[in-house]
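Now for the letters of each chain:
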Amino acid sequence: MSKLNKITGLVATAALSAAVSGTVLAHGDVVPQAVDTEGLTPLGEEWADTNPYRDTDDFERAVEIGASAYNQNCARCHGLDGISGGIAPDLRYLTADFDGDEWFKYRVINGAVRDGAVYMPKMADTLSQEALWAIRSWLETKYVEE
């Protein structure tokens, strides 16, 4: 193989790698999967400021629903069992208090867009408040201190 062909091949491979890595970093169209929240107390239209299932009889059911919902909707970016591989924030570090709830609520309602690329879809547009607080409840069982 000639030097020119080798160089052309290397340049083509580098260009393809750059294009694919750019696509991976911007999560693109992530379609949320439906979550069955049967057994949880309905929360209504207005968003709670803090996790309404924390310290209630609903917490265990919320954790059960949240584990499944997280794996269906969040794990592809935030990591299996809540352990991030670095693409998205590691949600295990969110404290189970107002500050952690405020960050979580803001992000699931507003999503995240950077330079026109969707890094986090507006999950609240598709998933119910009950489903999202159930995910938050499950994440609280995975909390690790920094």
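The model shown is predicted, which means the values in this text are computed figures rather than measured ones.

*Asks:* Which residues make up the state of the cysteines, and what values go with them?
*Replies:* All chains considered together, the criterion is met by 0 disulfides. Not engaged in a disulfide, the cysteine C74 finds its nearest cysteine sulfur in C77; these two sulfurs lie 8.6 Å apart.

*Asks:* Describe the pattern of salt bridges, with residues and values.
*Replies:* If you walk through the whole model with that rule in mind, you get 8 salt bridges. With a shortest N-O distance of 2.9 Å, E64 and R61 are connected by a salt bridge. With a gap of 3 residues between them, E64 and R61 both fall in helix 2 (residues 59–73), about one helical turn apart. Salt bridges sharing common partners tie together R54, D101, R136 and E140.

*Asks:* Describe the layout of surface pockets, listing the residues and the values that go with them.
*Replies:* Estimates place the volume of the largest pocket at around 400 Å³. Surrounding the largest pocket, 24 residues form its lining, H78, P89, R107, Y119 and M120 being those nearest its centre. In terms of residue count, helix 4 (residues 98–110) provides more of the lining of the largest pocket than any other element does, 4 residues in total. Across the lining of the largest pocket, the residue classes break down as 18 nonpolar, 3 polar and 3 charged.

What counts and how
Residues numbered from 1 in each chain as written. Predicted model: local features only at pLDDT ≥ 70, side-chain atom pairs only at ≥ 80, totals over all residues. Heavy atoms only, no water. Disulfide = S-S within 2.5 Å. Salt bridge = Lys/Arg side-chain N within 4 Å of Asp/Glu carboxyl O. Helix = DSSP H or I, 4+ residues; strand = E, 2+ residues; numbered from the N terminus. 1 Å grid on protein atoms, 1.4 Å probe; cavity = no way out; pocket = protein on both sides within 12 Å on 5 of 7 lines; lining within 4 Å. Points joined across faces, edges and corners; volume = space filled by probe spheres on them. Nonpolar A, V, L, I, M, F, W, Y, C, P; charged D, E, K, R; others polar.

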